[in-house]
Amino acid sequence: MHHYFKLVNFTCSLFIPKVVQRTGISNLCPEGYRWVDVKLSTFGIPKVMHLSCGALSTWAVDDNGQIWLRIGREEDNSQATQAWLPVEGKPLSGCRFAKVAVNSQDTIVWAVDDRYNVYARDKITPTFPIGTLWVVVPGTGVKDICVSQHKVWAICPNGDIACRYGVSETNCVGDYWKKVPGNFELISVSPDDRLWAIDHNGQLFHRKTQSFFGTQAPLKRRSYSTLFPNEDDWEFI
């Protein structure tokens, strides 16, 4: 069965975005049981244009380009505590933040502005999850982004895919970019680098990525493409 997805333009004046949260998710019920509106007006937050969720935190960008961090959870219990914090730091002059992405461990956060510049959040720790500042990442422009456990996957302005290697809690900007075959509009990734992407026709694709380590240098990644060239193939869903 083929699935098609409509790409929504969040900047359209006729579209009023809102944030909803799926409740009741558990190992026994992974799909949850209902959607609940998240009342951001309580925290003085305008319309949210993009967001990304980790295990314990949510990062969001509002329509003014301000990035926010949510600490805590909003459950059915009205006494459950949470807080939305404005994240300090601005993009390059004349730019506004447009997207933000966090990995599932809440340790790596990157952002993209409206002119395709890309940034990494520095000094994020378990005790200081908001980090200290944004660091510009050179090498390529980016229009969409997602983060796995230790890689950042990006779609370039022309639709090409690039992967940033060497990203870690102590090296937020990583080491280098590597192009990956494919041309898409949107991209998402699981913690173990299973990629999902949507092309300009709204068609969904899936790609499985593998990482390998040398036996003499266990901390140095070896290129999976040199070992398994066919791993670069995308599967049309």
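In this text the structure is predicted, and so the values were computed from the model without any measurement. (Residues numbered from 1 in each chain as written. Predicted model: local features only at pLDDT ≥ 70, side-chain atom pairs only at ≥ 80, totals over all residues. Heavy atoms only, no water.)

A.B. asks: Before we go on, may I ask you to explain the sheet that holds strand β14 (residues 176-183) in this structure?
C.D. replies: Pairing between sheet strands relies on hydrogen bonds along the backbone, with the strands arranged either parallel or antiparallel. If you trace the four strands from one edge of the open sheet to the other, you get β11-β12-β13-β14, paired in antiparallel fashion. Both edges of this open sheet fall to β11 (144-147) and β14, since each of them pairs with a single strand only. Here the strands of the sheet are splayed against their neighbours by 20° on average, with no regard to which way each runs. As paired strands, strand β12 (residues 152-155) and strand β13 (residues 160-165) are joined by four bridges and run antiparallel to one another. Opposite I155, over in β13, you have I161 as the bridge partner. (Pairing = 2+ DSSP bridges. Helix = DSSP H or I, 4+ residues; strand = E, 2+ residues; numbered from the N terminus. Axes fitted to C-alpha atoms, helices over the stretch in contact; angles between N-to-C directions.)

A.B. asks: Can you help me understand the state of the cysteines in this one?
C.D. replies: Note: disulfide means a covalent bond formed between the sulfur atoms of two cysteine side chains. By the definition in use, this model includes zero disulfides. With no disulfide of its own, C163 lies closest to C146 among cysteine sulfurs, the gap being 9.1 Å. (Disulfide = S-S within 2.5 Å.)

A.B. asks: Can you walk me through the packing of aromatic side chains in this structure?
C.D. replies: We describe a pair of aromatic rings using the distance from one ring centre to the other and the angle between the two ring planes. Evaluated as defined, the whole model comprises six aromatic pairs. Ring geometry for W59 against W134: centres 6.5 Å apart, planes inclined by 75°, an arrangement best described as edge-to-face. With W59 in strand β4 (residues 57-62) and W134 in strand β10 (residues 133-136), this residue pair connects regions lying 75 residues apart in the sequence. Of the residues examined, W59 reaches a relative accessible area of 1% and is grouped as buried. A ring pair is formed by Y165 and Y176, whose centres lie 5.3 Å apart and whose planes are at 10°; its orientation type is stacked. Residue Y165 is located in strand β13, and its partner Y176 is located in strand β14; the two are separated by 11 residues in the primary sequence. Among the residues examined, Y176 registers a relative accessible area of 44% and is labelled partly exposed. Note that R121 overlies the ring of W134, its terminal NZ or CZ placed 4.9 Å from the centroid. (Phe/Tyr/Trp six-rings, centres within 6.5 Å; stacked < 30°, edge-to-face > 60°. Buried < 20%, exposed > 50% of the residue type's maximum accessible area, 1.4 Å probe, protein only. Lys NZ or Arg CZ within 6 Å of the ring centre and 35° of its normal.)

A.B. asks: Sorry, what's going on with the nonpolar core here?
C.D. replies: Soluble globular proteins tend to bury their nonpolar side chains together. Core analysis: the largest hydrophobic core is formed by 17 residues, its most contacted members being W110, V118, V137, V142, I145, V152 and W177. Contributing elements (two or more residues each) for this core: β8 (109-113), β9 (118-122), β11 and β12. Dropping the residues within four chain positions of it, V137 is found in contact with W110, V118, Y119, A120, R164, V173 and W177. (Core = buried A, V, L, I, M, F, W, Y, C linked by side-chain atoms within 4.5 Å. Contact = heavy atoms within 4.5 Å.)

A.B. asks: Would you mind showing me how to read the sheet that holds strand β5 (residues 67-72) here?
C.D. replies: If you trace the four strands from one edge of the open sheet to the other, you get β3-β4-β5-β6, paired in antiparallel fashion. Either end of the sheet is taken by a strand with one partner, and the two such strands are β3 (48-53) and β6 (82-86). Strand-to-strand twist across the sheet, computed as the mean angle between neighbouring axes with direction ignored, equals 20°. When β4 meets β5, the two strands line up antiparallel, connected through five bridges. Within the sheet, the bridge partner assigned to T58 lies in β5 and is R70.

A.B. asks: I tried to follow the environment of R96 on my own but got confused; where do I start?
C.D. replies: Relative to the helices and strands, R96 is located in the loop between β6 and β7 (97-102). Taking the C-alpha atoms as reference points, R96 and I67, separated by 29 residues in sequence, lie 9.9 Å from one another.

A.B. asks: Explain the pattern of salt bridges here, please?
C.D. replies: Where charged atoms from two side chains of opposite charge approach closely, those side chains can pair. The full count for this structure, using the stated rule, is six salt bridges. Close ionic contact of K151 with D193 constitutes a salt bridge, the shortest N to O distance being 3.2 Å. With K151 in the loop between β11 and β12 and D193 in the loop between β15 (186-189) and β16 (194-198), this residue pair connects regions lying 42 residues apart in the sequence. For K151, a relative accessible area of 2% corresponds to the buried category. Looking at D193, the relative accessible area reads 9%, which means it is buried. With its nearest N and O atoms 3.2 Å apart, the salt bridge here joins D192 to R194. Since its relative accessible area comes to 44%, D192 is described here as partly exposed. Since its relative accessible area comes to 32%, R194 is described here as partly exposed. (Salt bridge = Lys/Arg side-chain N within 4 Å of Asp/Glu carboxyl O.)

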